[in-house]
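Structural features, examined
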Amino acid sequence: MTIRTAARRRAAATAALACTFAVVLTACSGTTKNSAGNDTGKAATSAEADPDAPLKKGLKLAFLPKQINNPYEKIVDEAGIAAAAEYGGTGKEVGPSDASASSQVSYINTLIQQRQDAILIAANDPNAVCGPLKQAMKKDIKVVAYDSDTAKDCRQLFINQASSEEIGRSLVQHLGEQLGYRGKFAILSATQNATNQNTWIEFMKDELTLPKYRNMELVKVAYGDDADQKSFQQTQGLLQAYPDLKGIISPTTVGIAAAARYLSDSSYKGKVVLNGLGTPNQMRTYVKDGTVEQFSLWNPEELGYLGSYAAAALASGQITGAEGEKLKAGRLGEYTIGKDGEVILGEPTVFDKNNIDKFDF
């Protein structure tokens, strides 16, 4: 994978009209959404999309991350809030301090009472949040999932940071190259119910069935619950339980930073390969001191920016979420709505000592 500038992302997004990358709403057919009386909870509407409609002024958006103190999601949400100011709206971030399955429910209920125009949520559990999100849609509050999806009938769009398959497979590919395709490794994930993590891990496991990985063994999937100290302790536990461990993949920014911190001050530094998803500012020290050779991520600021414009386009009637509709996303350019409510930001970037100082997030 190569470094993608904002301009190249715009070009790639526009070129994706063949539906290789795409976005979508639950109404894939292009017809109207279900009535409010339907059990799916979708808001009633007979309106056609008006791509020339202006974005409404004064829109109120609320970002509900997995947990309020997650540094990665703070970057996403702040970028989305700043984007709202561009089109004359306002945004705010609210959320729980823990990433448990039901921790977001009370916040959704409060946002419904506040009559937000849109709720953007990174779901801790794909189903636990469905009831209140369906109630929000019945009240014509638009629901956009980002980073970690809900069940498909509980939101209208999912803004995905990159192709889930590409993320999962590429993490195994990178680790395989670093290990010479030999040895035991573990995965340090976030929570057991996190939609994005579990989807990536399934693609990792599928990648491992290829013949070139026959001498690599996934010994355990551990969960740090996106908590720094628990992730640190899980890293320690993995290395104690498997003294011949050769690698760790941590597809979570909290987990990879905690694992790197443990490795950097241990006898395993330089002996155990750590790869996964992290931010440059979190990982810069560990790349420069040799603890980590490489890791990857998309631009979280652009993820929040795209989510904000997607929510505004829904709330303004520019799109309904039908497959093939075009989403205008400010400086990021145009995206095409595709299957199953998914809008894909673009390819992740691989960071190493040669390029990490070019990024500041």
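Higher on the page you've got the structure.
Since the model is a prediction, treat every value here as computed from it, not as a measurement.

Residue position: Gln 294 is located in the loop between α9 (280-288) and β10 (295-297). Looking at Gln 294, its side chain comes within polar contact range of the side chain of Asn 275, at 3.4 Å. Not counting the four nearest positions on each side in its chain, Gln 294 is found in contact with His 174, Gln 178, Leu 274, Asn 275, Val 350, Phe 351 and Asp 352.

Another aspect to go through is the sheet that holds strand β1 (residues 60-64). A sheet is described by the order of its strands in space; here 6 strands give the open sequence β2-β1-β3-β4-β5-β13, paired in parallel fashion. Two strands in the sheet have a free side with no partner beyond their single neighbour: β2 (90-93) and β13 (342-344). Each strand of the sheet is rotated relative to its neighbour by a mean of 20 degrees, with strand direction disregarded. In terms of strand pairing, strand β4 (residues 142-146) meets strand β5 (residues 157-160) through 3 bridges, oriented parallel. Across the sheet, residue Tyr 146 finds its bridge partner in β5, namely Ile 159. This element, helix α2 (residues 71-86), spans β1, β2 and β4 of the sheet and lies at about 165 degrees to β2. Strands in contact with helix α10 (residues 300-316) are β1, β3 (118-121), β4, β5 and β13; relative to β5, the strand with the most contacts, it is inclined by about 165 degrees.

For the rest of this paragraph, the subject is the packing of helix α7 (residues 228-241) against helix α8 (residues 253-264). Look at α7 against α8: their axes get within 8 Å of each other, and the N-to-C directions meet at 55 degrees. Put simply, α7 runs oblique to α8. Our pair here, α7 against α8, has a crossing hand that is right-handed. Residues Asp 228, Gln 229, Ser 231, Phe 232, Thr 235, Gln 236 and Leu 239 of α7 touch α8, and the partners they reach there are Val 254, Gly 255, Ala 258, Ala 259, Arg 261, Tyr 262 and Leu 263. Considering only residue class, the contact of α7 with α8 consists of 7 nonpolar, 5 polar and 2 charged.

Moving on, we come to the environment of Gly 80. Among the structural elements, Gly 80 can be located in helix α2. By relative accessible area, Gly 80 is classed as buried at 0%. Placed 12 residues apart in sequence, Gly 80 and Lys 92 show a C-alpha to C-alpha distance of 9.0 Å. Discounting chain neighbours no more than four positions away, the residues touching Gly 80 are Phe 63, Gly 304, Tyr 305 and Ser 308.

Attention shifts here to the sheet that holds strand β6 (residues 183-189). Spatially, 4 strands are ordered β7-β6-β8-β9 in an open sheet, and the strand pairing comes out parallel. Edge positions in the sheet fall to β7 (216-223) and β9 (273-276), since each of these pairs with one other strand and no more. Averaged over neighbouring strand pairs, the angle between their axes works out to 20 degrees when direction is ignored. In this sheet, β9 lies alongside strand β8 (residues 245-250) in parallel orientation, the contact comprising 4 bridges.

Reading guide: rules and limits
- Per chain, residue numbering runs from 1 following the sequence as it is written.
- Local features in this predicted model are restricted to residues of pLDDT 70 or higher, and side-chain atom pairs are both shown and tallied only at a pLDDT of 80 or more, whereas totals for entire chains, interfaces and linings draw on every residue.
- Side-chain numbers come from the whole structure's heavy atoms, not from hydrogens or water.
- Counting from the N terminus, the helices are the DSSP runs of H or I reaching at least four residues and the strands are the DSSP runs of E reaching at least two.
- Think of a polar contact as two N or O atoms within 3.5 Å of one another; within protein, one of them needs to be a possible hydrogen donor and the other a possible acceptor, and neighboring residues in sequence only count if both atoms come from side chains.
- We call two residues in contact when some of their heavy atoms are within 4.5 Å.
- Note on pairing: DSSP must find at least two bridges between two strands before they are called paired.
- An axis is simply a line fitted to the C-alpha atoms; with a helix, the fit covers only the stretch in contact. Between two such axes, the angle follows the N-to-C directions and lies from 0 to 180 degrees.
- Roughly parallel means an angle under 35 degrees; roughly antiparallel means over 145; roughly perpendicular covers 65 to 115; every other angle is labelled oblique.
- The sense of a crossing depends on the near helix, which, turned anticlockwise from the far helix by less than a right angle, makes the crossing left-handed and, turned clockwise, makes it right-handed.
- Put simply, Ala, Val, Leu, Ile, Met, Phe, Trp, Tyr, Cys and Pro go in the nonpolar bin, Asp, Glu, Lys and Arg in the charged bin, and everything else, Gly too, in the polar bin.
- Throughout this description, buried means an accessible area under 20% of the type-specific maximum (1.4 Å probe, protein chains only), exposed means over 50%, and partly exposed covers the range between.

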